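Residue-level listing of the chains:
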Amino acid sequence: MERHALNRIDFHFAGTKVLVTGGANGIGLACANAYKAAGAEVLITGRQAQAGDYAHDLSGFEYRALDVASREELLSLAASLDRLDILVNNAGGTQGSEWEHDSFDQSIHVNLSAAFHLSVACKDLLQASDFDGGASIVAIASMTSYFGSRWTPGYGPAKAGLVQLVKTLGQSWGGIGIRANAVAAGFTRTNLTEPVINHMPKIIEDAFVRQGLKRLGEPDDIAPAVLFLSSPAARWITGQTLNVDGGFSTGM
């Protein structure tokens, strides 16, 4: 069995089918790489028409183009699958100037509604899973799930909604063998946050005041938490959100 050691922990996902939305970049790609190295068959989605349109190599994954704001595309994706053990609802991000009505609505669709629609559409596939510890849904939440930000009036409430959504799914679907949890990521270096990191250093400085660990997160800091929550080691954990944030949520 192929193994992948992250922080000296071996994960075993041989024989599983994993879907990671937004898996072509950032946190999603780190999760996809970790699952693949641990033996899983991994399907990723992205906004480009095909995997070859990205600058980095995605040839090790099955790839589907997906607009997560489109309910029809989400339902079509789920209907095309023949099995699924783990769903990682990772795709998301801020949507323009979210104080504008259309951008606010778009952010809710991309960051919250998409996770609901895809999870519901994949319910029967997940219920049929025989993975040890049960099938899993893992959502990628954020520190804006808990703390207000004047830049993200849509993104923050949507990410807060993810925290509540996994509680609801955990309660509703635990009886049919599906667990649902979230990882609330702190300030993590990705293609989406790079402009802020490069051009708004004061935001980083302010974050470090609160954080116990004085560095930015990396996608590989988030992926192990996602794998843990979907592994048999977490078989009695559902409806929970794990903060992976360098201590930001505990600071003052």
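Structural data are supplied above this passage.
A few points on the structure.

Rules and cut-offs
- Residues numbered from 1 in each chain as written.
- Predicted model: local features only at pLDDT ≥ 70, side-chain atom pairs only at ≥ 80, totals over all residues.
- Heavy atoms only, no water.
- Helix = DSSP H or I, 4+ residues; strand = E, 2+ residues; numbered from the N terminus.
- Rg over C-alpha atoms; globule rule 2.2 N^0.38 Å.
- Buried < 20%, exposed > 50% of the residue type's maximum accessible area, 1.4 Å probe, protein only.
- Areas by Shrake-Rupley, 256 points an atom, 1.4 Å probe, with all protein chains shown as cover.
- Lys, Arg positive; Asp, Glu negative; His and termini not counted.
- Charge placed at Lys NZ, Arg CZ, Asp CG, Glu CD.
- Polar contact = N/O pair within 3.5 Å; in protein donor to acceptor, adjacent residues only side chain to side chain.
- Contact = heavy atoms within 4.5 Å.
- Disulfide = S-S within 2.5 Å.
- Pairing = 2+ DSSP bridges.
- Axes fitted to C-alpha atoms, helices over the stretch in contact; angles between N-to-C directions.
- 1 Å grid on protein atoms, 1.4 Å probe; cavity = no way out; pocket = protein on both sides within 12 Å on 5 of 7 lines; lining within 4 Å.
- Points joined across faces, edges and corners; volume = space filled by probe spheres on them.
- Nonpolar A, V, L, I, M, F, W, Y, C, P; charged D, E, K, R; others polar.
- Expected span 1.5 Å × (residues − 1).
- Bend = angle between axes of the 7 residues up to and from the residue.

Things to note about the overall build of the protein chain
Next up, step 1: Along the backbone of the protein chain there are 8 helices and 9 strands.
Next up, step 2: Against the globule reference of 18 Å for 252 residues, the protein chain gives a C-alpha radius of gyration of 17 Å, in line with a compact fold.
Next up, step 3: Its C-alpha atoms put the protein chain at 45 × 40 × 40 Å along the principal axes.
Next up, step 4: Within the protein chain, the fraction of its 252 residues that count as buried is 49%.
Next up, step 5: If you sum the accessible surface of the protein chain, you get close to 12100 Å²; carbon and sulfur atoms cover 52% of it.
Next up, step 6: One way to put it: in the protein chain the 19 positive side-chain charges average out to a point 7 Å from where the 25 negative ones average out.

Focus: the side chain of Asn89
Next up, step 1: Counting through the fold element by element, Asn89 comes out in strand S6 (residues 86-89).
Next up, step 2: One polar contact links Asn89 to Ser119, side chain to side chain, over a distance of 3.0 Å.
Next up, step 3: The contacts of Asn89, once residues within four sequence positions are left out, are Thr21, Ala115, Leu118, Ser119, Ile137, Val138, Ala139 and Ile140.

Side note on the state of the cysteines
Next up, step 1: All told, the structure shown has 0 disulfides when counted by the stated rule.
Next up, step 2: Of all cysteine sulfurs, the one in Cys122 lies closest to Cys31, which takes part in no disulfide; the gap is 17 Å.

Structural notes on the sheet that holds strand S4 (residues 41-46)
Next up, step 1: Overall, parallel pairing links the 7 strands, which are arranged S5-S4-S3-S6-S7-S8-S9 in an open sheet. Of all strands in the sheet, those with a lone pairing partner are strand S5 (62-65) and strand S9 (241-244), marking the two edges. The mean inter-strand angle of the sheet, taken between neighbouring strand axes irrespective of direction, is 20 degrees.
Next up, step 2: With respect to the sheet, helix H8 (residues 219-229) is in contact with S6, strand S7 (135-142), strand S8 (178-185) and S9, its orientation differing from that of S8 by roughly 165 degrees.

Some thoughts on the layout of surface pockets
Next up, step 1: What the second largest pocket holds in volume is close to 170 Å³.
Next up, step 2: In terms of lining, the second largest pocket is formed by 13 residues, of which the most central are Arg215, Gly217, Asp221, Asp245 and Gly246.
Next up, step 3: Each residue belonging to the lining of the second largest pocket can be placed in one class, and the counts come to 5 nonpolar, 5 polar and 3 charged.

Here's the deal with helix H3 (residues 101-121)
Next up, step 1: In this model H3 runs 28 Å from its N-terminal to its C-terminal C-alpha over 21 residues, within 8% of the 30 Å that 1.5 Å per residue would give.
Next up, step 2: Of all the bends in H3, the largest measures some 45 degrees and sits at Ser113.
Next up, step 3: By the burial criterion, the buried members of H3 are Ser103, Ser107, Val110, Asn111, Ser113, Ala114, Ala115, His117, Leu118 and Ser119.
Next up, step 4: On its buried face, H3 sits against strand S3 (17-20), helix H2 (71-79), S6, helix H4 (123-127), S7 and helix H5 (155-173).

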